[in-house]
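Summary of structural features
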Amino acid sequence: MIATLNRTVKRNKSTSLFVALTSFLLFSACSAAEAKDSYGTFGELEYMGSSLLTRAELQKMLHMSPGAKYASMEKACERVKKTLNDRRIITDTDIVDGGSDALFVVVDISEPGKIVPTRPLSDPRYIKVPTEKPNLVLSELRARLTQLTYDGRSFKETYQNGFKHYSDAVADEKIRELMSYGRVPELRDSWLNIVQSDPNPDRRVDAIELLNWSGNFPETILKIMPALDDVNKDVRVAVAKFIYPRLDLLPYDFPHGKLTAAFCRQIRRPSHGDRLRAMACLSVLLRDKPEMVPPTREVAQDQIDLIAERTRIPPLKELTEKVKFLLSSYREKTGTKKPVIEDSNF
């Protein structure tokens, strides 16, 4: 995740890359809860750097030794975050499974004067829905997947014509139920309105998840794309995760420039989830839409180089190196009109 035979080869390569990247992201971009239940222990500090604090100073504050348990890592993160926030330094911490036995403590510091802008909600208010039953089914689905994880039982996430499915029979039964709700136009419209306007970020995340089974994915992506600039990182990550497996469904006249611009902003946000998901999407966009390479070089080359140089987390490192390769290997045709990465309508 190239004549008749060539097209077949290209499709097979694209499918393999997609499956590999999907599995890669599912395994590596674990939430803190998933990391907690792994057998991993502290391995390294992931720190992009800041003029406010050196890596050595941060390591001293963490006071963590290789092999430390998850509980100790949690306490260290809380201690660092509180200390820095008390000094009015905006800090985000996370514990990430990097695809091995080692867990990474991620610390991000928001640099003064370098805050990436976020979008305002369209019409901030509580959005009513015709029924809460889909949310209950979604909770049951999440509970099932969590139980499978706790039991050490593997399952696969797949996409059929854009609809998310799971290899587990019980989970996929929940999917079929959610698809029946997703066919109801009033529900789909409510979920879209929640993403655009509801002040509760948890409701926005749930609505994005429910849209996995509503169909009409290119239009859905167009409508939720502004949420890639949401003030809440969980919402931003949920949108990028929604878009990634459906990039090949977007029509030729989709505003790929705006989409690419949003991902270029997202990799600048001080959050590992933002960097990982946006870099995964860029790796596909730049491969399939090479005309996006020149403007991406112009607006994001410096940040991509920085991440490649400083990240210690294998999945992010691999994706960033892939993006760097796509940027460096592209050659513009003489006389070709240079495309423009459009800005958001802030």
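See the structure shown above.
These remarks concern the structure in this document. (Residues numbered from 1 in each chain as written. Predicted model: local features only at pLDDT ≥ 70, side-chain atom pairs only at ≥ 80, totals over all residues. Heavy atoms only, no water.)

**With respect to the overall build of the protein chain**
A count of helices and strands for the protein chain gives 14 helices and 5 strands. Residue burial in the protein chain is summarised as follows: out of 346 residues, 47% are buried. Of the roughly 17500 Å² of accessible surface on the protein chain, a fraction of 53% belongs to carbon and sulfur atoms. (Helix = DSSP H or I, 4+ residues; strand = E, 2+ residues; numbered from the N terminus. Buried < 20%, exposed > 50% of the residue type's maximum accessible area, 1.4 Å probe, protein only. Areas by Shrake-Rupley, 256 points an atom, 1.4 Å probe, with all protein chains shown as cover.)

**Quick word on the pattern of salt bridges**
Within the structure shown, the criterion is met by 22 salt bridges. For Lys164, the salt bridge is made with Glu209, and the minimal N-O distance between the two is 3.2 Å. In this pair, Lys164 is assigned in strand 5 (residues 163-166) and Glu209 in helix 8 (residues 201-210), connecting sequence segments 45 residues apart. What emerges from the salt-bridge pattern is a single network uniting Arg119, Arg204 and Asp230. (Salt bridge = Lys/Arg side-chain N within 4 Å of Asp/Glu carboxyl O.)

**Brief notes about the pairing of strand 2 (residues 91-97)**
Within strand 2, 6 of the 7 residues are buried, which leaves the element mostly enclosed by the surrounding structure. Alignment of strand 2 against strand 3 (residues 102-109), held across 7 bridges, turns out to be antiparallel. Within the sheet, the bridge partner assigned to Ile95 lies in strand 3 and is Val105. Hairpin geometry of strand 2 and strand 3 is characterised by an intervening segment of 4 residues between the two adjacent antiparallel strands and by a positive phi of about 90° at Gly99. (Pairing = 2+ DSSP bridges.)

**Things to note about the packing of helix 8 against helix 10 (residues 233-243)**
Relative to each other, helix 8 and helix 10 sit at 5°, their axes nearing to 9 Å. Classed by the angle they form, the pair helix 8 and helix 10 counts as roughly parallel. Residues Pro201, Arg204, Val205 and Ile208 of helix 8 lie in contact with helix 10, whose contacting residues are Asp234, Val235, Ala238, Val239 and Phe242. Among the residues forming the contact of helix 8 with helix 10, the class breakdown is 7 nonpolar, no polar and 2 charged. (Axes fitted to C-alpha atoms, helices over the stretch in contact; angles between N-to-C directions. Parallel < 35°, antiparallel > 145°, perpendicular 65-115°, else oblique. Contact = heavy atoms within 4.5 Å. Nonpolar A, V, L, I, M, F, W, Y, C, P; charged D, E, K, R; others polar.)

**Some details on the side chain of Asp108**
You can see Asp108 is positioned in strand 3. Given the relative accessible area of 5%, Asp108 is considered buried. At 2.8 Å, the side chain of Asp108 forms a polar contact with the side chain of Arg275. Among all residues touching Asp108, those that are not within four sequence positions of it are Met48, Ile90, Thr91, Asp92, Pro270, Ser271, His272 and Arg275. (Polar contact = N/O pair within 3.5 Å; in protein donor to acceptor, adjacent residues only side chain to side chain.)

**Quick notes on unusual backbone geometry**
Residue His63 is not a glycine yet carries a positive backbone phi of 55°. Locating His63 in the fold gives a position in the loop between helix 3 (55-62) and helix 4 (70-86). At Asn161, a position not held by glycine, the phi torsion is positive, near 55°. Along the chain, Asn161 falls in the loop between strand 4 (157-160) and strand 5. Here Asn161 falls in the exposed class, since its relative accessible area comes to 70%.

**Here we look at the nonpolar core**
Core analysis: the biggest nonpolar cluster contains 66 residues, and Leu141, Leu228, Ile243, Leu259 and Phe263 have the highest contact counts within it. With 9 residues, helix 12 (residues 272-288) is the single largest residue contributor to this core. The contacts of Leu228, once residues within four sequence positions are left out, are Arg236, Val239, Ala240, Ile243, Leu259, Ala262, Phe263, Gln266 and Arg269. Judged by nonpolar contacts, the second largest core, of 20 residues, contains Leu58, Leu62, Val80 and Ile109. (Core = buried A, V, L, I, M, F, W, Y, C linked by side-chain atoms within 4.5 Å.)

**Topic: the sheet that holds strand 1 (residues 41-47)**
Spatially, 1-3-2 is the arrangement adopted by the 3 strands of the open sheet, whose pairing is mixed. Strands with a single pairing partner mark the edges of an open sheet, and in this sheet they are strand 1 and strand 2. Geometrically, the sheet is characterised by an average inter-axis angle of 25° between neighbouring strands, direction not taken into account.

**A word on the environment of Ser65**
Looking at the element boundaries, Ser65 is found in the loop between helix 3 and helix 4. The class for Ser65 is partly exposed, based on a relative accessible area of 49%. The sequence separation of Ser65 and Phe42 amounts to 23 residues, and the corresponding C-alpha distance is 7.3 Å.

**Description of the packing of aromatic side chains**
With the rule as written, the count across this model stands at 3 aromatic pairs. A centroid spacing of 5.9 Å and a plane angle of 70° characterise the contact between Phe155 and Tyr166, whose relative ring orientation is edge-to-face. Linking Phe155 in the loop between helix 5 (133-150) and strand 4 with Tyr166 in strand 5, this pair joins segments that are 11 residues apart in sequence. The class for Phe155 is partly exposed, based on a relative accessible area of 28%. For Tyr166, a relative accessible area of 7% puts it in the buried group. (Phe/Tyr/Trp six-rings, centres within 6.5 Å; stacked < 30°, edge-to-face > 60°.)

**Thoughts on the pairing of strand 4**
Regular strands show a simple pattern: their side chains alternate between the two faces of the sheet. Side chains of strand 4 alternate between two faces, with Glu157 and Tyr159 buried and Thr158 and Gln160 left unburied. Where strand 4 meets strand 5, 4 bridges bridge the pair, whose relative direction is antiparallel. By the bridge assignment, Thr158 is partnered in strand 5 with His165. Between strand 4 and strand 5, which pair antiparallel one after the other, the connecting turn spans 2 residues, and Asn161 there sits at a positive phi close to 55°.

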